[in-house]
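Spelled out from the first residue to the last, the chains are:
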Amino acid sequence: MNTTPIGTKAPEDRVFAALASPVRREVLRLLRERGPQPVAELAGHFDMARPSFSEHLRVLRECGLVSENKVGRQRFYELEAAPLFEVQEWLHPYERFWRDKLSALRTVLDEMEDEES
């Protein structure tokens, strides 16, 4: 088991670690759909203590998935989707793998249909 602190992991590992949490994925969804939001508005969507929620935001910020901008007394968070491109690039060979498997299955099913006719 890897016990390396999140701050010392490779960038793509930090993104995957951040995405492992349903809370953090939901924060990203909210930012994607509704745009930049103040911390209080984001936190209002979750039933957790503010320090716990702040820890989720810290993880997202440290791996580059969100940025923080201070406007007056409020801190606004905004989605930074560039690190997700790295995840997509990593997943692409697996997508191709499953597409090839489904294509082969389609061929088998089509042959079975022809044999039954």
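For the structure, see preceding data.
Predicted, not measured: the structure shown is a model, and the values here were computed from it.

Draft legend 1. Spatial organisation of a nonpolar patch on the surface. On the surface, a cluster of nonpolar side chains totalling about 570 Å² of accessible area is made up of Trp90, Leu91, Tyr94, Phe97 and Trp98. Along the chain, Trp98 falls in helix 5 (residues 82–116). Residue classification places Trp98 among the exposed positions, given a relative accessible area of 53%.

Draft legend 2. How the structure looks around the environment of Glu116. For Glu116, the position within the fold is in helix 5. Taking the C-alpha atoms as reference, Glu116 lies 53 Å from Arg34; in sequence the two are 82 residues apart.

Draft legend 3. Molecular detail of the packing of aromatic side chains. Tallying each qualifying case throughout the model produces four aromatic pairs. On the basis of an interplanar angle of 35 degrees and a centroid distance of 5.1 Å, the ring pair of Trp90 and Tyr94 is categorised as tilted. With a gap of four residues between them, Trp90 and Tyr94 both fall in helix 5, about one helical turn apart. Look at Trp90 and you get partly exposed, because its relative accessible area is 46%.

Draft legend 4. Up close: the nonpolar core. Val27, Leu42, Phe53, Leu57, Leu60, Leu65 and Tyr77 are the most contacted members of the largest nonpolar core, which totals 21 residues. Counting only elements with at least two residues in this core, the list comes to helix 1 (11–19), helix 2 (22–34), helix 3 (39–43) and helix 4 (50–62). Of all the elements, helix 2 adds the most residues to this core, at five residues. Not counting the four nearest positions on each side in its chain, Val27 is found in contact with Phe46, Phe53, Leu57 and Leu60.

Draft legend 5. Highlighting the side chain of Arg24. Positionally, Arg24 belongs in helix 2. The charged side chain of Arg24 is buried without a salt bridge, its nearest counter-charge being Glu55 at 6.5 Å. Dropping the residues within four chain positions of it, Arg24 is found in contact with Ala17, Ala18, His56, Val59 and Leu60.

Draft legend 6. Structural detail: the pattern of salt bridges. According to the stated counting rule, one finds eight salt bridges in the structure shown. Salt-bridge contacts for Arg29 lead to Glu26; the nearest nitrogen and oxygen are separated by 2.5 Å. In this pair, Arg29 and Glu26 both sit in helix 2, three residues apart, roughly one turn of the helix. Take Glu26: its relative accessible area is 28%, and that puts it in the partly exposed class. Across the pair Glu95 and Arg99 runs a salt bridge, and its minimum N-O distance is 3.1 Å. On the criterion of helical spacing, the pair formed by Glu95 and Arg99 is a turn pair, its members being four residues apart in helix 5. For Glu95, a relative accessible area of 45% translates into the label partly exposed. Its relative accessible area of 43% is what places Arg99 among the partly exposed residues. Here the residues in one salt-bridge network are Glu26, Arg29, Arg32 and Glu33, joined through shared partners.

Cut-offs and rules
- Residues numbered from 1 in each chain as written.
- Predicted model: local features only at pLDDT ≥ 70, side-chain atom pairs only at ≥ 80, totals over all residues.
- Heavy atoms only, no water.
- Patch = residues over 30% accessible without salt bridge, like charges linked within 9 Å, V, L, I, M, F, W, Y side chains within 5 Å.
- Areas by Shrake-Rupley, 256 points an atom, 1.4 Å probe, with all protein chains shown as cover.
- Salt bridge = Lys/Arg side-chain N within 4 Å of Asp/Glu carboxyl O.
- Helix = DSSP H or I, 4+ residues; strand = E, 2+ residues; numbered from the N terminus.
- Buried < 20%, exposed > 50% of the residue type's maximum accessible area, 1.4 Å probe, protein only.
- Phe/Tyr/Trp six-rings, centres within 6.5 Å; stacked < 30°, edge-to-face > 60°.
- Core = buried A, V, L, I, M, F, W, Y, C linked by side-chain atoms within 4.5 Å.
- Contact = heavy atoms within 4.5 Å.
- Lys, Arg positive; Asp, Glu negative; His and termini not counted.

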